[in-house]
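Geometric and topological summary
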Amino acid sequence: MNIFRSAIFLGLQLTFVVSAYAQTSPAVKISGEVTKPLTFSVDDLAKMKRSTAVLTDRDGKAHSYQGVALQELLEQAGVTMGKQLRGEQLTKYLMVKCADGYEVLFSLAELDSSFTDRVVILADKLENGPLPDGKGPFRLVVPGEKKPARSSFQVVEMVIRYAKD
Amino acid sequence: MQVSGYKILISILLVAGLSIAGFRRQGPEPLRIDYPAYFGNRTFVPDDNPTTVEGVALGRRLFYEKKLSASQQISCGTCHRQELAFTDGKAFSTGVDGSPQPRNTMSLVNLLWVRNFFWDGRVAGLEMQAAVPLTNAHEMGQSLEVSAALLSKEVVYRSLFSKAFGTDSLTGEGIVKALSQFERTLVSADAPYDRYLRGDYQPTAAELNGISLFYGNPDAARNIRGAGCAHCHGGPKTYIELYHNNGLDTIPADSGREKVSGQSYDRGRFRVVSLRNIALTAPYMHDGRFKTLEEVLSHYNEHIKPSKTLSPFLQGVGNSNASDGLTLGLTDREKKDLLAFLHILTDSTFITDKRFSDPFR
């Protein structure tokens, strides 16, 4: 009985250790006010409609990044973009969450081509090569801002919500 | 006849009104936790566990209750001692079975603003957190059911629980909820640095320079001095919920956040912690490797270990006072000033506040 119990216990501990160390392939999740919650990997992103955005990094130089427009991703998740983005939908925001806990916020109108010509992308490539360590596999690229502070690294989640105040 | 009918009606209304007023507050009294506006209101209190006077009073007693441990010898307060800002001065505290904890005991301060707990942020919310030390075999090692059954034998607990949560609330869930309510009240906001922010304290020249170094980012090209600490420890709370590899090891013995996320980019990342009362909470880091704050500063200034996951804020030209970008490059004088700033984060009101002390003493 006792041996049986400790065997179960050991088993449980092992599963924990194994599951704790199992590497899962990186992915980004879109959730919240969406009609089709979406999770996509690097491979999925490679198959979508690609865009390029140019960003002046902290080094003061302009670099070109390749990835998928945020609008495209949000539309795939069934977020109210384009013609649907009016009235109460204009009180919605997007919260971008990164692996290191960093979070930045956008209003949906900032990301929609019927409001702005600026195209914000989720990049997986820098100058058609891999993103540097610590920044990938997914980096937000927000062109045209004086500070690159919203061009956040290692994006893991995007959450859409209504502002309720 | 008419008149007396009127009178009766009025007296009925009066009595009804009075009794409504008298019984209006059914159940526990809501407690407002005071904190300065500069801490911001991004606080985390679950809807099903509002903070109340009765809940906090019960939680305080439970925090110091040794009956919650298998040996009846230790309480939360054994490892989390108020006079040391709720740490115990050890690199690794000893649990109920005599074994050392795998990581350094964390300070309990301004938890109202924390969402993910422990050095690796593995547990969301204080209610979930509290169950861990209570039941972990190497910490207090007693199931919530056994604890609830033991406390039910005492009249005082039956009464305290019923006041805090109503009858039949003396359960594991009630224990965890009360502890969490108490922990949310552990606000430290009366250090000399707070008095400075309120305009009641004039820091010394060294302290002022320490403040500016702490918040400032270095720019060697323009001869601007900074220590860049606020990237990670920033804001008046000296806390943002971030996970970083702060360069302790090239190959970390404890992979930290990687164990939670399963991602290699999280290797050696740990949750940034508040620096409030930091002079009281030695030794430092998740493994208590540094005995003094001088050692911590020398780590950041001269001994950052490179690795693939080292935070970008701790490397390169934009993060160095030296033009080669190899180290932080603070002078000895600047390190002393930074240290002076860390010392004005010590809040003697917090560590002597009767509301947080052991009620059994």
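Above this note sits the structure.
Computed from a predicted model, the values in this text were never measured in an experiment. (Residues numbered from 1 in each chain as written. Chains lettered and ligands numbered in written order. Predicted model: local features only at pLDDT ≥ 70, side-chain atom pairs only at ≥ 80, totals over all residues. Heavy atoms only, no water.)

1. Examining helix 9 (residues 205–215) of chain B
Three- or four-residue spacings in an α-helix give side chains the same orientation, since the helix completes a turn every 3.6 residues. Residues and elements named next belong to chain B. Selection criterion: Working definition: with a 1.4 Å probe on protein chains only, accessible area under 20% of the residue-type maximum means buried, over 50% means exposed, and in between means partly exposed. In this description a helix means any DSSP run of H or I spanning at least four residues, a strand means any run of E spanning at least two, and both kinds are numbered starting from the N terminus. Each C-beta atom gives one direction from the helix axis, and the arc is the one those directions make. For this analysis, residues touch if any pair of their heavy atoms sits within 4.5 Å.
Taken together, the buried positions of helix 9 are occupied by Glu207, Gly210, Ile211, Leu213 and Phe214. Projected down its long axis, helix 9 carries its buried residues within an arc of 170°, all on one side. Those residues of helix 9 that are buried are in contact with helix 8 (192–197), helix 10 (230–233) and helix 13 (332–343).

2. A short note on unusual backbone geometry
A cis amide bond, omega 0°, links Gly136 of chain A with the succeeding residue Pro137 of chain A. With an omega of -5°, the peptide bond running from Ala282 of chain B to Pro283 of chain B counts as cis. Tracing the chain through its elements places Pro283 of chain B in the loop between strand 4 (270–271) and helix 12 (293–302). Unlike most non-glycine residues, Phe86 of chain B shows phi in positive territory, near 65°. In this fold, Phe86 of chain B is placed in the loop between helix 3 (76–79) and strand 1 (116–117). Of note, the phi angle at Asn277 of chain B is positive, near 60°, even though the residue is not glycine.

3. Describing the side chain of Ser93 of chain B
Residue and element names in this part refer to chain B. Basically, it comes down to this: Between N or O atoms, a polar contact is any pair within 3.5 Å; within protein, one atom must be a potential hydrogen donor and the other a potential acceptor, and residues adjacent in sequence are included only when both atoms are from side chains.
Position of Ser93 relative to the elements: it lies in the loop between helix 3 and strand 1. A polar atom in the side chain of Ser93 sits 2.4 Å from the side chain of Thr105. Apart from the residues within four sequence positions on either side, Ser93 is in contact with Cys79, Asp88, Ser99, Pro100, Gln101 and Thr105.

4. What to know about the interface of chain A and chain B
Applicable threshold: Take the accessible area each of two parts loses on contact, using a 1.4 Å probe, and add the two losses: that sum is the buried area. Criterion for a salt bridge: a side-chain nitrogen of Lys or Arg within 4 Å of a carboxyl oxygen of Asp or Glu. Three classes are used, and their members are as follows: Ala, Val, Leu, Ile, Met, Phe, Trp, Tyr, Cys and Pro are nonpolar, Asp, Glu, Lys and Arg are charged, and the others, Gly among them, are polar.
The interface of chain A with chain B comprises 20 residues on the first partner and 19 residues on the second. Taken together, both faces of the contact between chain A and chain B bury some 1,500 Å²; the carbon and sulfur share is 43%. Here chain A and chain B share two salt bridges between them. A salt bridge links Arg42 of chain B to Glu103 of chain A; the nearest nitrogen and oxygen atoms lie 3.1 Å apart. Linking chain A to chain B there are four residue pairs in polar contact (both at pLDDT 80 or more). Sorting the residues of the side of chain A that touches chain B by element identifies helix 1 (2–21) and strand 5 (92–98) of chain A as the ones contributing at least two each. In terms of residue class, the side of chain A that touches chain B is made up of 10 nonpolar, six polar and four charged.

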